[in-house]
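Topology and contacts: notes
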Amino acid sequence: MHPTAPVHAPSVDAVLRLAELGEAPVAALLARFDLRLERVADGEPIPGSFWGDEEAGIIGTTVYARGDTPVHSLLHEACHLIVLPPERRAAVHTDATDSIEEEDATCYLQIVLADALPGVGRDRLMADMDAWGYSFRLGSTRAWFEQDAENARQFLLDRQLPVELRARSGTTA
């Protein structure tokens, strides 16, 4: 998970990037949570990036990303802001939390929100998270999400945040 530095696997080049997806669907999704996407010029440092390089950054209610920013990173950082009460968001700069509960909820929510992005979905996002090096005690993102994330799900439910976006047929709501 996020508290440890990413360990990039050989398939890291295959993860979906913002440039491939496009900014419009991401900006629209973030706006649903009163967040804003700011595109950073290619090659420029990303403001508010905890890990640096191409990883997304957060400052206040803005998520910063370049074209080479992985979609999973952008969603992860946005979800850090979403799980926070609005009054705490304004104070965020680079590092949103040291709470394990918030970190787990962030990982869960990024998977759920992937279903709202055309051409992404939870299956792709979980594969990208595994390729990037997220680590969960059950060995994969999917195993954690399906078998070990009840605390994260409950955290989101308690705060009236989404725990599901698609109907069982696989369509997004």
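Residues numbered from 1 in each chain as written. Predicted model: local features only at pLDDT ≥ 70, side-chain atom pairs only at ≥ 80, totals over all residues. Heavy atoms only, no water.

**Considerations on helix 2 (residues 23-31)**
Residues Val26, Leu29 and Leu30 constitute the buried set of helix 2. An end-on view of helix 2 places all buried positions within 95° of arc, on one side of the element. Looking at the buried residues of helix 2, the elements they touch are helix 1 (18-21), strand 1 (36-39), strand 3 (62-65), helix 3 (71-83) and helix 5 (100-114). (Buried < 20%, exposed > 50% of the residue type's maximum accessible area, 1.4 Å probe, protein only. Helix = DSSP H or I, 4+ residues; strand = E, 2+ residues; numbered from the N terminus. Arc of directions from axis to C-beta. Contact = heavy atoms within 4.5 Å.)

**A look at the environment of Pro47**
The residue Pro47 is located in the loop between strand 1 and strand 2 (57-59) in this model. When its relative accessible area of 32% is taken as the criterion, Pro47 is described as partly exposed. Along the backbone, Pro47 and Thr62 are 15 residues apart, and their C-alpha atoms lie at a distance of 9.9 Å. Dropping the residues within four chain positions of it, Pro47 is found in contact with Val40, Gly57, Ile58, Ile59 and Tyr64.

**A closer look at unusual backbone geometry**
At Asp53, a residue that is not glycine, the phi angle is positive and equals roughly 50°. In this structure, Asp53 sits in the loop between strand 1 and strand 2.

**Describing the environment of Leu109**
With respect to the helices and strands, Leu109 occurs in helix 5. Of the residues examined, Leu109 reaches a relative accessible area of 0% and is grouped as buried. With 43 residues separating them in the primary sequence, Leu109 and Ala152 have C-alpha atoms 8.5 Å apart.

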